[in-house]
Structures are given as structure tokens and as C-alpha cells.
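# Reading the structure
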Amino acid sequence: MKTLKVAQIGCGKMSVYTMRYVEEKGGKIVCAFDCNPAVIGKDTSTITKTGKKGVKIEDIKNIEASLKKNKPDVAIITTMSLISDIYPLMEACAKCGVNAISTCEEAFFPANSNPTLTARLDKLAKANNCTLTGSGYQDTSWGSLISVLCGSTHNIKKIKGKSSYNVEDYGIALAQVHGSGLSLEEFDKQIASVDRISDKERKKLIDSGEYSPSYMWTVNGWLCEKLGLHVVSQTQKCVPQTYKKDLKSSTLNMTIKKGYATGMSAVVTTTTKEGIVIESECIGKVYGPDEFDQNEWTVEGEPTTTVVVNKPQTVEMTCASIVNRLPDVVAAPAGYVTTDRLADINYKLHI
């Protein structure tokens, strides 16, 4: 069996697991990149806390030259949450003909939030015979799990989901996107006010690539595509979350004052031509000592079914999903191919 050669782009919290999981499933990390001077030049084992691998973390500025030299089969991108942020990295992979998969939440189904960049990446990937996609926790827990649940339903009236996660587990970029640490006035101005717009104004932002979708925005689009539904309208509303006491955030390196935003709840509501409504909510915040991850979805109809996952290990599930998807990405057709077009995610003994 050929050893799968993998590039790791972004050597932060998520790469601790993705690199280890790759090696433990028979793959090989052949190059790794970051922009943090504190890790550049160090062996990847300093991140994974495993035996020395002989692969030094390179400056991300050198990514194209290194990809051409090391010729990985696929790259894992674990950096930012918006497709515009990771575009240069996906572009570099596509130019080099390297397949790429990202934990970037918008990358899961970017066509309904940034169609311009998605089309550009699709064209570039096809021209260089490689595949680009996004996966992670949403691929399993907000995507395939729900579509399978729908498969046991005769007719559906509504799909309702709610999921929460601790932004401390993911890094400063994600915490900031959720408004963690902002006063309620700052939150309203910087985050909530963005969605107090008309459908026409939202479409204009989406077409121009300037819209900032919440994580469930792309999930609802993915579910509609997977289930063969046709979207009539889609809106989102972001609400700040607070805690009863001051909370220390190691990620933000600050104490969030009582009454300030610890993060946010984002509710995305989608209506469809078929009459099925999808209402999904994601809550990302700095947790208090009594809070934990949850994932709950209900398919209302005949029959009505609810699935609840308490205390999911969201980070590990995200990274395991990415690594289990690697063979699917390598085998997929060229272009930007979202995972609704691939086989349902499953466990891989080897990659």
C-alpha cells in the first residue's frame, strides 16, 4: 500500500491531533508550515509531543516552493474560519496540483456565502487536476448524522439543531470571530448589526465576497444540497452570550468581565421550496466551569426523532473527520468538491 504523503498547513492547536492521527493511520507528514516565529524551524514533534520526525516547520511564505519540492498527495489546512482568510493557502495548493482539505468552517459549503472565491478556486483546481474541500466536526455531527436521521423519516416539517463548543479549544482567531471579550455595545456594533440588513443587501455582500457567515450558514446550505431541497430564503441572527461571573480566557489572555460577551449564539433559519424549514444554532463561547459541549438535533415530522450527544470531544472529532476524509479527497474529481458530493464519512483503518 502506498504511503499517503501529507502537508500540514498551520501548526497550532488542531495540528496537535491531525499530524498525530495521520502518522498513526499510516500516512506521513512530509512538510509543515506556520507563520508563528516561535514554531518555525522546530521539528513537528514539538507540536505533537511524539518522537522526533525529522520534519521542520517552515515559514508559510515558502509554501509553494516546498509543496513543489515535497510533492504531498494532500494538504491539511488548520488555520482560519473564513474562506477569504484561507484563500491564499488553497490557491497555493491548487497552483501546485496538491489536493487540500480544511477545517475552515466556511470551506464546508462556501458557495452560499462566497460564490466568487469558490468559483475561482474550483476553476484553478480543475486546471491543475486536484481537489479542494472542507470538513471537520460539521461533516459528521451537523451533516452526515442529520442526513442519516432524515433517512429514517417519512416526511419532514422542520429540522432543528443546537450545538455548543468552547472557543478556548480552537485559538484566538476563532474566539475573536465570536466576539469573546467584547462589551455588549461593542458586540452589537461589530457583530450583531451586520445581520440587520435586507435580503437584497445580504445578497450584495455575498456576491461581493464580503459577507461573514456564522458556522451554521454553510451547514444549512450543505443539508439542503444533500437532501435535494431548494432554498427560498436564509437569514442569521447573532446574540451575545454572557456569564454570571468574571471568566479568565487563556486564549485571549484576558479576564472577560461579568456581563461582557463570552461569545455568541448564531441562529440560521432557512426556508425551502419544499416547505421544510431548517433552524440551526451554534453557540461558541468561553465556558464557565459548569458548561460543556453539546450537540442536539430534532427532525420534526413523521416520525419526530431527536438525537443528543452530550460532551462530545469536538476538537478530536474535528481532526479525526479531517484525517478519515483524506483518501476521499485524493480519490475525488478535480475542482472544489464539497463533501455532500462525496460518500458519507466513515472510519478508516488506514489512510
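In the block above lies the structure referred to throughout.
Given the structure is predicted, the values throughout are model-derived calculations rather than measurements.

Rules behind the numbers
Residues numbered from 1 in each chain as written. Predicted model: local features only at pLDDT ≥ 70, side-chain atom pairs only at ≥ 80, totals over all residues. Heavy atoms only, no water. Helix = DSSP H or I, 4+ residues; strand = E, 2+ residues; numbered from the N terminus. Rg over C-alpha atoms; globule rule 2.2 N^0.38 Å. Buried < 20%, exposed > 50% of the residue type's maximum accessible area, 1.4 Å probe, protein only. Lys, Arg positive; Asp, Glu negative; His and termini not counted. Charge placed at Lys NZ, Arg CZ, Asp CG, Glu CD. Pairing = 2+ DSSP bridges. Contact = heavy atoms within 4.5 Å. Axes fitted to C-alpha atoms, helices over the stretch in contact; angles between N-to-C directions. Salt bridge = Lys/Arg side-chain N within 4 Å of Asp/Glu carboxyl O. Expected span 1.5 Å × (residues − 1). Bend = angle between axes of the 7 residues up to and from the residue. Right-handed = clockwise from strand over helix to strand, strands pointing away.

Within the protein, the secondary structure is distributed over 11 helices and 15 strands. In summary, the protein has a C-alpha radius of gyration of 20 Å against a globular reference of 20 Å for 351 residues, a match within 12%. A total of 351 residues make up the protein; the buried ones form 54% of that total. The average position of the 42 basic charges and that of the 39 acidic charges among the side chains of the protein differ by 4 Å.

Taken together, the seven strands give an open sheet; going across it, the order is S3-S2-S1-S4-S5-S6-S15, and neighbouring strands pair in parallel fashion. Of all the strands in the sheet, just strand S3 (57–59) and strand S15 (335–336) have a single pairing partner and so form its edges. Where strand S1 (residues 5–9) meets strand S2 (residues 28–34), five bridges bridge the pair, whose relative direction is parallel. Bridge assignment links Ile 9 to a residue of S2, and that residue is Phe 33. Here helix H1 (residues 15–24) sits on the sheet and contacts S1, S2 and strand S4 (74–77); the angle it forms with S2, its principal contact strand, is near 165°.

Moving on, we get to the pattern of salt bridges. Summed over all chains, the structure comprises 14 salt bridges. One salt bridge in this structure joins Asp 73 and Lys 2, with 3.2 Å as the shortest N-O distance. With Asp 73 in the loop between helix H3 (63–70) and S4 and Lys 2 in the segment before S1, the pair connects residues that are 71 residues apart, well separated along the chain. Classification of Asp 73 as buried rests on a relative accessible area of 16%. According to the relative accessible area criterion, Lys 2 is exposed, its value standing at 64%. Several salt bridges share partner residues, and in doing so they unite Asp 139, Arg 325, Asp 328 and Lys 348 into one network.

With that settled, the discussion passes to the pairing of strand S11 (residues 263–272). Within S11, seven of the 10 residues are buried, which leaves the element mostly enclosed by the surrounding structure. Sheet topology places strand S8 (residues 231–241) next to S11; 10 bridges connect them, and they run antiparallel. Within S11, the residue paired with Val 239 across the bridge is Ser 265. Sheet analysis places S11 next to strand S12 (residues 277–285), joined by nine bridges and oriented antiparallel. Note that in S12 the partner of Thr 271 across the bridge is Val 277. Hairpin remark: S11 followed by S12, antiparallel, with four residues in the connecting loop; positive phi at Gly 275, about 90°.

With that settled, the discussion passes to helix H6 (residues 137–150). In a regular helix each residue adds 1.5 Å, so 14 residues correspond to 20 Å; H6 covers 19 Å between its end C-alpha atoms and thus fits that length. Its maximal kink placed at Ser 144, H6 deviates by approximately 30°. By the criterion of burial, H6 is predominantly enclosed, with 12 of the 14 residues buried. Among the residues of H6, those classed as buried are Tyr 137, Gln 138, Asp 139, Thr 140, Ser 141, Trp 142, Gly 143, Ser 144, Ile 146, Ser 147, Leu 149 and Cys 150.

Turning to the environment of Leu 82, a few remarks are in order. For Leu 82, the position within the fold is in the loop between S4 and helix H4 (83–95). Along the sequence, Leu 82 and Glu 185 sit 103 residues apart, while their C-alpha atoms lie 24 Å from each other.

Right, let's talk about the pairing of S1 for a bit. With four of five residues buried, S1 lies mostly within the body of the structure. Read from S1 through H1 to S2, the crossover connection turns out right-handed. Of the pairings in the sheet, the one linking S1 to S4 comprises four bridges and is parallel in character. Bridged to Gln 8 within S4 is Ile 76.

Here we come to unusual backbone geometry. In this model, Glu 302 is joined to Pro 303 through a cis peptide bond whose omega is -5°. Relative to the assigned elements, Pro 303 resides in the loop between strand S13 (294–302) and strand S14 (305–310).

This next bit is on helix H10 (residues 215–227). Across its 13 residues, H10 extends 19 Å between first and last C-alpha, which sits within 8% of the 18 Å expected from 1.5 Å per residue. Taking burial as the measure, the 13 residues of H10 include 10 buried ones, the bulk of the element. The complete set of buried residues in H10 reads Tyr 215, Met 216, Trp 217, Thr 218, Val 219, Asn 220, Gly 221, Trp 222, Leu 223 and Cys 224. Gly 228 sits one or two residues past H10 and shows a positive phi near 75°.

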